[in-house]
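Overview (structure and organization)
Each chain, letter by letter, is given below.
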Amino acid sequence: MLKTLLAVGVAASAIAASAALADDNTVTIGMILPMTGPSASTGKQEQAGAQLYIHEHGDTVAGKKIQLIVKDDTGAPDVTKRLAEELIGNDKAKVLIGFGLTPLALAVAPIATEAKVPEIVSAAGTAMITEKSPFIVRTSFTLPQAAEPMARWCLKNNIRKVATLVTDYGPGVDAEKWFSEPFVKGGGTVVEKIRVPLKNPDFAPFLQRVSDDKPDAVFVFVPSGFGAAFMKEFVDRGLDKSGIKLIGTGDVTDDDLLPSMGDAAIGAVTTHHYSAAHDSPENKAFVADFEKANNGMRPNFMAVGAYDGMALIYHALEATKGSTDGQALIDAMKGAKWTSPRGPVEIDPATRDIIQNIYVRKVEKVNGQLYNVEFDKIEAVKDPFKAAGN
Amino acid sequence: MSAIAAPDRVAAHLNRGGRWRPFEIAFWLAIVALIFALPSRALLINEILLAGLFALSLDLVLGYAGIVSLGQAAFFGTGAYAAGIIATLGVAEPLIGLVLASVIAGLLGLITAPLLLRGSDLTRLMVTLGVALLLGELANRNEWITGGADGLSLAAKPVLGLFPIDFTGQRNASLYSLAVLFALFVAARRLVQSPFGLSVRALKENPLRANALGVSAARRLIAIYGIAAAYAGASGALVAQTTGLVSLDVFDFHRSADVMLMLIIGGPGYLYGGLIGAAFFIALKDGVASATPEYWEFWIGLPLVVLVLVGRERIGGFIARWARRAALLAMRGAA
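Residues numbered from 1 in each chain as written. Chains lettered and ligands numbered in written order. Predicted model: local features only at pLDDT ≥ 70, side-chain atom pairs only at ≥ 80, totals over all residues. Heavy atoms only, no water.

Considerations on the overall build of chain A
Broken down by element type, chain A carries 12 helices and 15 strands. The C-alpha atoms of chain A give a radius of gyration of 21 Å, which matches the 21 Å a tight globule of 390 residues would have. The dimensions of chain A, computed from C-alpha atoms along their principal axes, are 65 × 55 × 45 Å. Total accessible area on chain A is roughly 13800 Å²; 51% of this is exposed by carbon and sulfur atoms. Seen as two clouds, the 41 positive and the 48 negative side-chain charges of chain A have centres 2 Å apart. (Helix = DSSP H or I, 4+ residues; strand = E, 2+ residues; numbered from the N terminus. Rg over C-alpha atoms; globule rule 2.2 N^0.38 Å. Areas by Shrake-Rupley, 256 points an atom, 1.4 Å probe, with all protein chains shown as cover. Lys, Arg positive; Asp, Glu negative; His and termini not counted. Charge placed at Lys NZ, Arg CZ, Asp CG, Glu CD.)

Here you go:
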């Protein structure tokens, strides 16, 4: 009897101890990210991005003190959902931010709607997320937004035969669809569409198929953090010397992993919304501060998504003069415009999705390090998924 | 002692295990008290209760029947998806969904159980793991019904049409889970003390001898595996109903591995083991992960390694012994 009661007591005190309190003059922002597991790199970048913004701009906005609480959902949606409910219910969080993968963002949508708390998606990229709640705003990007310009670039540069290789889940399917459809419509041929499993992907057999097809280029989407494994197989199969061009959305040459990918990545052309090599004073300051604060870690598009998410929250709080009413915050976020490290951005008032430039970049060596160097851009791209009336 | 009295003595011995001891009553009352005392942590308590139910299922398989399984998530996930799909098909009452989901998971257990009859522990590990992987991929492929990687959202209606268990009724959700857990626990308690339960335990202790006594191994193992599968299915269904969503990770390896950890922490072959292990594991994880969201795995791993090295013993026994030693020292200090 004694031992059981003791065990219950230990559990109870551990539960009670983890409840937190917040006072009136503090605005609590709940950040939910996968900090452990296969998407841990997303969590690390996002957290660092958000903290850098607070560090640079001070932790007081419109007379309110900003408190950021970071929680690890391990990439499991039921945990994301519980953490969201607890952050709103116990910690009185007024805004939620983060959400590393599409199912994690979707899990919180009904809570955001019911509790009228803005949910800022600063990572996940499946197009339809923002339609699941009127309280969802996105500061990352959508896969159609990044994939469609690639199709246009291929057609313009006489790449006619392409094989696609994407990870088999929401964003991958989005990327495949929004690259192939405009590409085929413009006269291109997709010789093969390959989908690789999300978990424990072994790219070797898939790349062998690509190599046998001999297309002009292979279009690739893999989630942030998986690019290095892909690149290794790409080299091992000899595709880097086969004349098949590597193209894709910027996820595959993610800035976080690019320095460790080796020279095989040189020449890969990708379309994306952010590169650490983006040439602007805002970005130079951002990259320098970020590297200084994080032991030389290079920021990637996830870090920028979170940095801009915080920028948007600050903007909204200033507009509402510190009021944390959910509807007022969302209204203030709609149509917000600012200059991000990635370039000019705007929140589309109609869809609550981000409007931004998409850059065409090529991997090159700059000062001995690999970077995605931008050489062309398409300005103010809206999410084509929603523009198509979906 | 005469030969006639022997069966009576055996019966008396067996019945003693069936009696409710005061600490058991205190244990369940304590949970009810916790739910009411800590309304803000209702969701965490709910998670603990459901993990406890899942651990109870593994305990029947591992602790009582001695089948080493690394794929209990197969039935957990089946229950979760079954409950989710039933709810989206328009069956509003969660209790009906719960029963159907656990029956479906139980049937799946009965179908896959014959795979476990041959081979050693290692084979069983592989087979159970394989079944969970297969089902996970099936759920991934059949997007039209499971929602694929985006998951499946369901709006669970109030239980019995009265008690909402969604965002507005967090306490109801944990009470609902507790009621189901308690009912299934009582059933499991009866089961392991029944002649059937005893013969399953005999099979675990000494299969050769049990066979020689005329205990048929195959049928018993299939039956207990099916029952445990239904338990896992019930826990999956409750997770789906109380969180309102199902996603592919219900079939994940980490689910099977975590539940085995919980059971080993709490002590297998002891019905309360899974519940205590679940409470310890999840409360510790939540506490540590709030303090250090980046490195909590280290601080979870450390006590686990210590626990296993110090003695492969139930956490309850460990704490009690430690408390006794502390009390002894205090007495000595006072003297």
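Focus: a nonpolar patch on the surface
On the surface, a cluster of nonpolar side chains totalling about 620 Å² of accessible area is made up of Tyr295(B), Phe298(B), Trp299(B), Leu302(B), Val306(B) and Val310(B). Summarising the element assignment, Phe298(B) is placed in helix 14 (residues 296–310). (Patch = residues over 30% accessible without salt bridge, like charges linked within 9 Å, V, L, I, M, F, W, Y side chains within 5 Å. Salt bridge = Lys/Arg side-chain N within 4 Å of Asp/Glu carboxyl O.)

Examining the nonpolar core
Residues and elements named next belong to chain A. With 175 residues, the main nonpolar core has Phe179 and Met310 as its most contacted residues. At 13 residues, the largest contribution of residues to this core is made by helix 10 (residues 301–319). Not counting the four nearest positions on each side in its chain, Phe179 is found in contact with Ala147, Met150, Ala151, Cys154, Val162, Thr164, Phe219 and Ile247. Ile194, Phe206, Phe230 and Leu239 belong to the second largest nonpolar core, which has 26 residues in total. (Core = buried A, V, L, I, M, F, W, Y, C linked by side-chain atoms within 4.5 Å. Buried < 20%, exposed > 50% of the residue type's maximum accessible area, 1.4 Å probe, protein only. Contact = heavy atoms within 4.5 Å.)

Quick look at the packing of helix 4 (residues 73–88) of chain B against helix 6 (residues 121–141) of chain B
A pair of packed helices can be characterised by two numbers: the angle between their axes and the separation between those axes. Residue and element names in this part refer to chain B. Between helix 4 and helix 6, whose axes approach to 9 Å, the crossing angle comes to 30°. The angle between helix 4 and helix 6 places the two elements in the roughly parallel class. Between helix 4 and helix 6, the contacting residues are Ala74, Thr78 and Tyr81 on the first element and Val131, Ala132, Leu135 and Ala139 on the second. Looking at the contact of helix 4 with helix 6 residue by residue, the class counts come to six nonpolar, one polar and no charged. (Axes fitted to C-alpha atoms, helices over the stretch in contact; angles between N-to-C directions. Parallel < 35°, antiparallel > 145°, perpendicular 65-115°, else oblique. Nonpolar A, V, L, I, M, F, W, Y, C, P; charged D, E, K, R; others polar.)

A short note on the packing of aromatic side chains
Scanning the entire structure with this criterion turns up 24 aromatic pairs over all chains. Between the aromatic rings of Tyr274(A) and Phe286(A), the centroid separation amounts to 6.3 Å while the plane-to-plane angle is 80°, which identifies the pairing as edge-to-face. Of this pair, Tyr274(A) sits in the loop between strand 11 (269–272) and helix 9 (281–293) while Phe286(A) sits in helix 9; the two residues are 12 residues apart in sequence, bridging distant segments of the chain. Residue classification places Tyr274(A) among the buried residues on the basis of a relative accessible area of 1%. We classify Phe286(A) as buried; its relative accessible area is 1%. Aromatic pair Tyr270(B) and Tyr272(B): ring centres 6.2 Å apart, planes at 55°, arrangement tilted. We classify Tyr270(B) as buried; its relative accessible area is 15%. A relative accessible area of 4% means that Tyr272(B) is categorised as buried. Through a chain of ring-to-ring contacts, three or more aromatic side chains come together here, namely Trp20(B), Phe23(B), Phe27(B), Trp28(B), Phe182(B), Phe185(B), Tyr270(B) and Tyr272(B). Between Lys362(A) and the ring centre of Phe375(A), over which it is positioned, the NZ or CZ distance is 5.7 Å. (Phe/Tyr/Trp six-rings, centres within 6.5 Å; stacked < 30°, edge-to-face > 60°. Lys NZ or Arg CZ within 6 Å of the ring centre and 35° of its normal.)

As for the environment of Val239(B)
By the element assignment, Val239(B) lies in helix 11 (residues 217–243). Look at Val239(B) and you get buried, because its relative accessible area is 11%. Among residues more than four places away in sequence, those in contact with Val239(B) are Asp78(A), Leu50(B), Phe76(B) and Gly244(B).

Considerations on the domain arrangement of chain A
Residue and element names in this part refer to chain A. For chain A, the assigned domains read domain 1 (24–141 + 282–352) and domain 2 (144–272 + 357–387). Here the C-alpha centre of domain 2 lies 27 Å away from the C-alpha centre of domain 1. With 25 residues of domain 1 in contact, the opposing surface of domain 2 contributes 26 residues. The contact between domain 1 and domain 2 buries some 1800 Å² in all, and 53% of this surface belongs to carbon and sulfur atoms. Interface area lost by domain 1 to domain 2 is led by Phe141, Arg298 and Phe301, which between them contribute 35%. Taken together, the connections running from domain 1 to domain 2 amount to two salt bridges. (Domains from an automatic or database assignment. Buried area = accessible area lost by both parts, 1.4 Å probe.)

What to know about the pattern of salt bridges
Summed over the entire model, instances satisfying the criterion amount to 25 salt bridges over all chains. Across the salt bridge formed by Arg82(A) and Glu47(B), the nearest N and O atoms sit 2.2 Å from each other. One end of the pair, Arg82(A), is in helix 3 (residues 77–89); the other, Glu47(B), is in helix 3 (residues 42–64), on a second chain. For Glu47(B), a relative accessible area of 24% translates into the label partly exposed. For Arg152(A), the salt bridge identified is with Glu148(A), shortest N-O distance 3.5 Å. Residue Arg152(A) and its partner Glu148(A) are located together in helix 5 (residues 143–156), separated by four residues, close to a single helical turn. What emerges from the salt-bridge pattern is a single network uniting Arg82(A), Glu86(A), Arg41(B), Glu47(B) and Asp286(B).

Considerations on the domain arrangement of chain B
Residue and element names in this part refer to chain B. Parsing chain B into structural domains produces domain 1 (19–291) and domain 2 (295–335). Averaged C-alpha coordinates put domain 1 and domain 2 at centres separated by 28 Å. Opposite the 12 residues of domain 1 that make contact, domain 2 presents nine residues. Taking both partners together, domain 1 and domain 2 bury about 990 Å²; carbon and sulfur atoms supply 86% of that area. On inspection of domain 1 and its partner domain 2, the count reaches zero salt bridges. Counting across the domain 1 and domain 2 interface gives zero residue pairs in polar contact (both at pLDDT 80 or more). Elements that contribute at least two residues to the side of domain 1 that touches domain 2 include exactly helix 12 (253–266) and helix 13 (271–291). (Polar contact = N/O pair within 3.5 Å; in protein donor to acceptor, adjacent residues only side chain to side chain.)

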